[in-house]
Amino acid sequence: MSTGTGELSAPGHNPHPADRTTRAPHRAAGGTFASLKVRNYRLFFTGAIVSNTGTWMARITQDWLVLSLTGSAAAVGVTTALQFLPMLLFGLYGGVIADRYPKRRLLVLSQGALGLCGIALAVLTLSGHVQVWHVYLVAFLLGMVTVVDNPARQSFVSEMVGPDQLRNAVSLNSANFQSARLVGPAVAGLLIASVGSGWAFLVNGLSFLAPLAALLMMRPAELHPTARVPRGKGQLREGLRYVAGRPDLIWPIALVGFIGTFGFNFPIWLTAFADGVFHVGPGVYGLLNTLMAVGSLAGALLSARRGTSRLRLLIGAAAVFGVLEIAAAMSPGFWLFTLLLVPIGMFGLTVNVTANSFVQLATDPEMRGRVMSLYMMVFAGGTPLGAPLLGWVTDTYGARVGFATGGAVSLAAAVVIGALLSRSTGLRMRVELRPGRRVRHPQVRFVPRAGREGREEGARLAATA
């Protein structure tokens, strides 16, 4: 493993990302779990799986607690919105902080603060004094900490593993998160039913001791640190101008923004389907989340095997994700609904990992914190707008209409942004029927436009697409 500086170990700016991806293998070098050979990343991964399990327990418990206190899916949406509102308001400033200070030190502070928030909510719940405004307040405080934690954590991955293993590590991070999702909701459902919500919150708070220990045990000499950006004026505007001049960054970020705002409101829809459509308890609600995690884990592991992040995969996965959400919303029975949650999780995770790794690899190291803060602001910061709106639609018109609305917006965004992306990069989108063993199935491709200019630009970017 190289222990060079960030300037040598992190990818520099390439105005034509295709030039880099055309030479990349189709599978990650070293296999699906290649990044785990790096000691610092292995520590990070181990600590994260413990805290991620606690986080999923807290998410499920928080949603069910709010629904129990209010009886309203819209209130669940408000809780989700408050948790992501700070990202919308202050997310870009979090990126400036992540570029300016040592990321490992920032993560020690942020992970400790997240643990304290979990313990505070546990004390309120176990004492019997919890009210819905308490949950709202803790959700907002969690969001404030996440403003710094998210860009620092996202960009710290490249410092642990270097550019060659970055995509693999991003995929394994997602696999880690989704593996915890297999366990967390199920344990949360059992704890809620047996001893109450407060114990699930307490386990979550204590789980952050694991990533804190992992961060403190790392060997700084084995990191790939990037040069820190000194304090100065205009750094936020500099980051925005950087992205504005890069259509290969703008459109993937815009796509995940639409999907994050309208397509990822699962706390609203799954609580509404569990309580209002299928009339089941918290244990089955935890099962629904676990089934989504099975698909998400499969998507993460498949992404870890790929050596490149292609735009056509991003657009195609987003379109299929929208179609599957519409199909699940219209499913007549419980078992069909539950089965569709698996591919929904898989394609949703594929969209997130592909866009995340593509944006990171295409960004200059000294800009990565600001660009990733914009990415997370758009992806998660849209939730304060989408969650209350989709919560209102779900309460007013029913869970099926609310879920189908999110899927329809995701599908439309994939089609429109796919067309805009192909136009801005000198390519055009083409849908072909490819023969299979038994049936012909559609495949989305980007091909060069007619004309010399279009052919030249298309040749540079076709591999990326």
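- Per an unreviewed UniProt entry, the protein chain goes by Enterobactin exporter EntS and derives from Streptomyces rubrolavendulae.
- Its UniProt record gives the protein chain a comment under Subcellular location (unreviewed entry), which states: "Cell membrane".

### So, the nonpolar core
Reasoning step 1: Counting 85 residues, the largest nonpolar core has Leu255, Phe266, Leu270, Phe337, Ile344, Tyr375 and Phe403 as the members making the most contacts within it.
Reasoning step 2: In terms of residue count, helix 14 (residues 311-330) provides more of this core than any other element does, ten residues in total.
Reasoning step 3: If you count residues domain by domain, this core takes at least three from each of domain 1 (36-223) and domain 2 (235-429).
Reasoning step 4: If near-sequence neighbours (up to four positions away) are discounted, leucine 255 is found in contact with Leu314, Ile315, Ala318, Ala413, Ala414 and Ile417.

### As for the packing of aromatic side chains
Reasoning step 1: Applying the stated criterion to the full structure yields 17 aromatic pairs.
Reasoning step 2: Considering the side-chain rings of phenylalanine 266 and tryptophan 269, the 5.9 Å spacing of their centres and the 80° angle between planes classify their relative orientation as edge-to-face. Residue phenylalanine 266 and its partner tryptophan 269 are both found in helix 12 (residues 266-277); the two are separated by three residues, about one turn of the helix.
Reasoning step 3: In this structure tryptophan 269 comes out as buried when scored by relative accessible area, which is 0%.
Reasoning step 4: Their ring planes at 85° and their centres at 5.8 Å tell us that tryptophan 392 and tyrosine 397 sit as a pair that is edge-to-face.
Reasoning step 5: Overall, the relative accessible area of 46% leaves tryptophan 392 in the partly exposed class.
Reasoning step 6: One aromatic cluster in this structure is built from Phe264, Phe266, Trp269, Phe273, Phe278, Phe321, Phe334, Trp335, Phe337 and Phe403.
Reasoning step 7: Looking at arginine 59, its charged tip hangs above the ring of tryptophan 56, at a distance of 4.9 Å from the centre.

### Considering the environment of valine 409
Reasoning step 1: Structurally, valine 409 can be placed in helix 18 (residues 399-424).
Reasoning step 2: Apart from the residues within four sequence positions on either side, valine 409 is in contact with Phe258 and Phe262.

### Description of the side chain of glutamine 154
Reasoning step 1: Mapped onto the fold, glutamine 154 is located in helix 6 (residues 132-161).
Reasoning step 2: Glutamine 154 has contacts with Asn356, Gln360, Met372 and Met376, leaving out every residue within four places of it along the chain.

### Some remarks on helix 15 (residues 334-361)
Reasoning step 1: Its 28 residues place the ends of helix 15 41 Å apart at the C-alpha level, agreeing with the 40 Å of an ideal helix rising 1.5 Å per residue.
Reasoning step 2: For helix 15, the buried fraction is high: 21 of the 28 residues fall into the buried class.

The rules behind the values
- Residues numbered from 1 in each chain as written.
- Predicted model: local features only at pLDDT ≥ 70, side-chain atom pairs only at ≥ 80, totals over all residues.
- Heavy atoms only, no water.
- UniProt positions renumbered as here; feature names shortened; annotations may be inferred.
- Core = buried A, V, L, I, M, F, W, Y, C linked by side-chain atoms within 4.5 Å.
- Buried < 20%, exposed > 50% of the residue type's maximum accessible area, 1.4 Å probe, protein only.
- Helix = DSSP H or I, 4+ residues; strand = E, 2+ residues; numbered from the N terminus.
- Domains from an automatic or database assignment.
- Contact = heavy atoms within 4.5 Å.
- Phe/Tyr/Trp six-rings, centres within 6.5 Å; stacked < 30°, edge-to-face > 60°.
- Lys NZ or Arg CZ within 6 Å of the ring centre and 35° of its normal.
- Expected span 1.5 Å × (residues − 1).

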